[in-house]
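Spelled out, the chains give:
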Amino acid sequence: MRVAGMEVPIIGSDSINWIDLTVPSSLNHIGSDSNNVAATFAFPTSDSASATFVGGDSPFHLVWRIHKTEPNALEIFKLSQEFPHNTGLRLSFPHPLSPFAFVSASPTNSHYLLYTVTVSGIAYFIKLSKDLSSIFSSDELIELDVRTYFSSDEPVTCIAANPGCLLFGRNDGSVTCFQLGLLHQTAPGFVYELRDDSGVSLGRLWGFMSRGRVVGAVQDLIITEMHGKKILFVLHRDGIIRAWDLSSRSRIFSHALVVPTLFVGATSTRLWLGESSNDSNIVPLAILYKSNLEVGMEVIYVYSLCCCMGDRMILSVDSSVQNFPVDEGGCIDVKLTSDKIWILKDNGLACHQFFCSSSAMEEECCYALHEEFVADQLFQNSEHTSDDLISITRSIFSTGKDHIVPFVSSIFLRRLLHPGVYHNMVLRATFLDYGKHWTDNEFQSLTVDGLKKEILSLVEHEGMAESPISIFQGWKKFCCRYFEYWCKNNALYALIVQSTSGAVGLIRKHSVSLFRSLENTELLVDGLSEDLGDLVSFGLDLFDDNSDREILFEVLRCVINISQQLGKTGSFIFYESFVGRQIISSEEIIPRLVKILETGYGSSTKVGHLPGLGADVAWEREQINHKNLRKFSVDMLLSLHDLFKKAASWRKVLDVIESYLQVLVPQNFTQNSGAETLFCLNNSILVQASCQIAKTMFESALDILLFVSYLMTIGGQINMTHDDISRTQVELVPMIEEIISEWLIILFFSTTPSESPAIEDFSSQLSLLQIDNKINKRSWREKLGKCDFTLASLLLLNDQSSTGHERRLSLGCLPHPQDVISLVQKFTSWIVWGNTGEISSSFLRRSTELAIVLLRHGQYNAVEYLLTTVEANAREERIFKSIQDASGDWCLLQHLLGCCLVAQTQHRLHGIQKGRKVSEAVSCFFRAASGEGASQALQSLSDEAGVPFLGFNGHISAAWKLHYYEWAMQLFEQYNISEGACQFALAALEQVDSLDLTGDGYEREPSNESTTSIKGRLWANIFKHALDLNLLNDAYCAIISNPDEESKYICLRRFIIVLNDLGAIKILCNGQLPFIGLADKIERELAWKAERSDILAKPNPYKLLYAFEMHRHNWRRAASYIYLYAARLRTDSVLKDKQHISITLQERLNALSAAVNALHLVHPAYAWIDPLCEGHPLQNERYPRKKARKTVKEQSGNDVQAQRLQFCIDIEKLEYEFVLTSAEYLLSLSNVKWTYSGIQKAPSDLVELLVQTNLYEMAFSVVLKFWKDSELNRELENIFSAISLKCCHSTVSSSWTGVHNLLLTSSKDEVVVCSSPDMEATSQQTKTNCHWETLEHYLEQYKHFHSRLPVVVAETLLHTDPQMELPLWLVKMFKEWSWRMTGPDPSPASLFQLYVDYGRYTEATNLFLEYVEVFASTRPMDIINRKKPSTVWFPYNTLERLWCQLEGLISSGHMVDQCDKLKRLLHGALVNHLKQLKVDSDDAISSAG
């Protein structure tokens, strides 16, 4: 049977937005005694559907569906021009439904009527709103339990309905009619039975009357309207067909059909009736017979029902009968027209023409179902198809194994998401097999990219090994499951045949589709006709000579042979290389495919290179491939030799091929009013049909390209001359490649889902709001990014909205199968040639028009593919120079491509990929500006073109380029791409010098700019973008190159700010940048920033100023800035916590130290700084900034001194402040607060605080810095007195009292808190020793500053504790005078006096006795010292006071024995001493004499 067409699915019909309503019921309760009756009353739920045509200005079909898997639900939707974008209604009933429903428009067209029946026998009559969003009126919902009207238990076998009438046919052959919705249930005549003996209604009494069965069970019921009357046709099981006039309730026809003799036991099961008209008295009638003995044996008999009108209607059946066996696939549905019967089977749709005249032959044809297309896309047709994919892919990527997996995965993903293959429910069911669960909202929110990621993750996780074979097996498994679910979820339900237009549709379980005819070229390419005379009927009347036709058929046979050798895989791989990831270019695919045709798959697919396959299987497969290759090579060689003999020369063959190529070129139709002619067809159908035809045409052209490439490869074996090969290479190959590219673009638009707008793209998000647009326009824009909304749909809807044409159907809501082809041809012509049909070179002009539309809607990837393809074709055709004509089409292409690439950088591109896009965009804009006619072409773009508006006029080259480069710069700025903006700013600068600003080519509002102003603005832009790119040196070069002083200064300020923010401002201080007249400005800006910056900012501007000035040898200015920093730290710091205060003080110390160091570099006569107010720049100095190399002249000394008197912040004062700040810093570390208030004089309490916090070094530093002479001695005495007191206090507190021993502890914790006496004694002893060591250390160090310090220490100790034992080291300090007691402090006499003063009489006596003994035992060499005149050896006054104290104690009776003993010792010592003095005196006198 000839294939005449194929199914075209309506894309998106699987994702109708359903409105769910629950039908209320008052008859939910079913008695237990009637359960069996209720279960068998009506036939059970099964998959069923039907459609009712509703005419009018906007005709449509009302479609209902009932699913066996959801028996309680009834789906209703409109098959109209807006389908599937309109909503559907899903009604939920309390009981399962019988597979019957009737939906029609009300007589007033204000609402819709619905009849349906549940399996339990509850009939419903419901009025639905016209928009199918609700029940029209709850009062109009009628619920009827029809079981109560039947007395017998005979089940219902069929149901029919018409407005106001619901009929039940039962197993006993009876037919009962309920006038549901027309009469009230209690009204007379509400229910009646159609009987031979009575035409009146007997009400409910008829059920109680007994009568015999005279006819068989009712098999089918059909209500039709014939000549204004409603006629009911009833088919009984015994072959009797009856007709009843429902208006008179009388039988008007009864006929016993002859049972077919083709098989025994046949039973009539279904009845179909063609549409009747007033013009014809013959109505076709079809009956389906099924064999009771042989399963699957079905035959459809078609009869001619004759209708004669007179006084009454007379019906008769003509003797002519035609039968149509249903050989393969069960009969699902049948539709009749006046001359055709459409039979829907599992394996296809058959169409037969009946009642033909004897002279005409019966025409039979079939239409392919979409299952074949889906199986082809998913490699489910045969086992070898999918295996060929991996074999060919491995051969093509023989040197790049890492590219096989992503390339194969991309092919499978593209096939799965192909329009017509992708199905929401199918994909979700497949996901469930892999354990992936989705909610409805989650799944609906997924875009195409999201679906790809989810599918990839599942497949790659399934194939744990990352080898190509394992991933390939994972894809095969996934596609196999997907195809099984696709067939299950798209089961065939019913046909829709619209006789007025000849349209044929198909209702599936979860989708709706339409049938179209095959295009003439499709018929020829598929090899469906080998009759040479059929070329004319195919529209291919290309040749006048039969020999040319024979040559063409021989060529096509060779082409088919090549196509069969490679299978569909070759086209899939080529298409993927053309539109997918640029792993391999399409130009490389053809030579590699030809190599496979010539030598096979190659070594990469041999046994050792096929992991995952057994060695035997791989070896067997290799042998089969080798055998097939040999057979193919031999057959092709013989066929080509035969072809050469028939043509007599290859030149003739090439002529025929060139003529045939004209058939493959997209036809050109002139459409005078935009795409108005395209809007008479549902866009989804148009796009999908275009996809199917474009796919076939692309594959046909690709096969021709492979064929001619194969000819050139084996040209030596088939006697091709060099001229033939050259002609093929130069003329035919570019022509074929252009045809392929055009069909590929159509196929790409028809199959590629639109891109979803980026979240960060504010303009896209704003456009989605569409405040001023219609709701339908907003709805289709919301579908961007979904699989069922392709680029072609976007182009169609955009053209419709822009031209203002409303969709309208001239032939009804569905077109004839042949009309679909005509509309597809116009659509492809509209894509390639546009509305006018004007042919421009290499598709340039039209491609830019399409690109503008796509750019406007954010389809950047599609624009890039379209424009790069067109540009590549132009280069391939070797007319690159010619396309740069004055029209500027090539420039416009480059401009749009550049805009596209720039926009792409904002959509999930980063790193190298983003940099590559930017580089390509820059190149495109430069090429656009350099082409001929660029100014006119680019300025023709309107501001609504979907690309940034240029917004200027003028055609002088330099002026125009300046404008264009500035525009490009602003475009890159808009997208924050500094690299591109910087390049075009530099390019614009090149045009300024050659530009005559006073000419007509440069018009700018409100006034013209000067050259300096333009350059300043451009250099400022270069500076900005260099900063954005962190090119600091380039940014500074832009500053010093800027001729506009104001702009330069602004840039400089910005430069300093950015350097500070980046932490790179040190480059201003390291001498890397040349300060060409900018040093003072830089200093001023740094000072301005320092004044207004946080004092703790990092990096600190004051430090930078210090470094800046030090590098320039401006030491006084450096000292001034760093001192100002220290001053601000003192006044501005408000931080209170210890850590930050300490840091601030440390910073002050560093700043003061730096200021002192800087001033030390200046000549001492000028080593002072100006005490300027903060925030004011330093005044210019009249004195040298650098250290003087020569002595300053004397006459200038007075002036210098006068200056120093006025500006008194010199090194000395800085050192004063440094010392005090150091003290404050150390105190802060000890949590002692003291604030510096000035440098006049250090407060005395500061020293006291330092001593109290044990900061002795700092205390001595402060004392030595600020006090002199007696004040210094006093402060030192105070310090040592305080230290001595600490020693005394530590000694006293170190004693352990017995109180602690009385404390009781009840737990371990308390023991820890109250530590043992030994531990505390040890700690106190350590502190005591530390104080004593400190006292000894500092006393030894500072006693040379003040000799009485040991006396002060000893006196303090004894004053605190008179009984204290003085440390040995302290006593030794008093005994440094070893040979006498008296002398300068500290002396033994001082110690002796302290002992006496504080009652230490024993120590005083012992000290005196010690030195008396020393005096007496003087060595002979030192005796002269003893005999020196005027020498006081002993403190006699103190000794006398000691004697008196002892006598006083004895007199008072205190320590009498001890004092008496001490007195006697003193007396003896003094007597001996006096004797010694007597001897010394005598010696002196004798010596004098």
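Residues numbered from 1 in each chain as written. Predicted model: local features only at pLDDT ≥ 70, side-chain atom pairs only at ≥ 80, totals over all residues. Heavy atoms only, no water.

The secondary structure content of the protein amounts to 50 helices and 31 strands. When each of the 1489 residues of the protein is scored for burial, the buried share is 53%. The long-range fraction of contacts in the protein, counting pairs at least 24 apart against all pairs at least 6 apart in sequence, stands at 65%. Total accessible area computed for the protein in this model is approximately 67,700 Å², and 51% of it derives from carbon and sulfur atoms. (Helix = DSSP H or I, 4+ residues; strand = E, 2+ residues; numbered from the N terminus. Buried < 20%, exposed > 50% of the residue type's maximum accessible area, 1.4 Å probe, protein only. Contact = heavy atoms within 4.5 Å. Areas by Shrake-Rupley, 256 points an atom, 1.4 Å probe, with all protein chains shown as cover.)

Here we take up the sheet that holds strand β21 (residues 298-309). Ordered by their spatial adjacency, four strands build an open sheet running β19-β20-β21-β22, and the pairing between neighbours is antiparallel. Each end of this open sheet is capped by a strand with a single partner; those strands are β19 (266-273) and β22 (313-326). Taking each pair of neighbouring strands and ignoring which way they run, the sheet shows an average axis angle of 25°. With eleven bridges connecting them, β21 and β22 associate as antiparallel partners. Along β22, the bridge assignment pairs cysteine 308 with isoleucine 314. (Pairing = 2+ DSSP bridges. Axes fitted to C-alpha atoms, helices over the stretch in contact; angles between N-to-C directions.)

With that out of the way, let us pick up the packing of aromatic side chains. The final tally for this structure, using the stated rule, is 51 aromatic pairs. Judged by centre distance (6.0 Å) and plane angle (20°), the rings of phenylalanine 574 and phenylalanine 578 are stacked. Taken together, the residues phenylalanine 574 and phenylalanine 578, both in helix α12 (residues 569-579) and four residues apart, mark about one turn of the helix. Given a relative accessible area of 4%, phenylalanine 574 falls into the buried group. Accessibility expressed as a relative area gives 14% for phenylalanine 578, which makes it buried. Aromatic side chains phenylalanine 1392 and phenylalanine 1408 sit 6.3 Å apart centroid to centroid with 40° between the ring planes, which places their arrangement in the tilted category. With a gap of 16 residues between them, phenylalanine 1392 in helix α46 (residues 1388-1397) and phenylalanine 1408 in helix α47 (residues 1401-1416) connect regions that are remote in the sequence. Since its relative accessible area comes to 0%, phenylalanine 1392 is described here as buried. A residue is classified by how much of its surface remains accessible, and phenylalanine 1408, at 1% relative accessible area, is buried. (Phe/Tyr/Trp six-rings, centres within 6.5 Å; stacked < 30°, edge-to-face > 60°.)

A word on the environment of leucine 901. If you trace the backbone, leucine 901 turns up in helix α25 (residues 889-904). Separated by 41 residues in sequence, leucine 901 and tyrosine 860 place their C-alpha atoms 7.5 Å apart.

Here we take up the sheet that holds strand β16 (residues 229-236). Hydrogen bonds between backbone atoms are what pair the strands of a sheet, whose relative direction is either parallel or antiparallel. Reading across the sheet, the four strands line up as β15-β16-β17-β18 and stay open at both edges, with antiparallel pairing between neighbours. The outermost strands of the open sheet, each flanked by one partner alone, are β15 (218-226) and β18 (250-256). When strand polarity is set aside, the average angle formed by the axes of neighbouring strands in this sheet is 20°. Direction of pairing for strand β17 (residues 240-245) relative to β18: antiparallel, over a ladder of six bridges. Within β18, the position partnered with arginine 242 by the bridge is serine 254.

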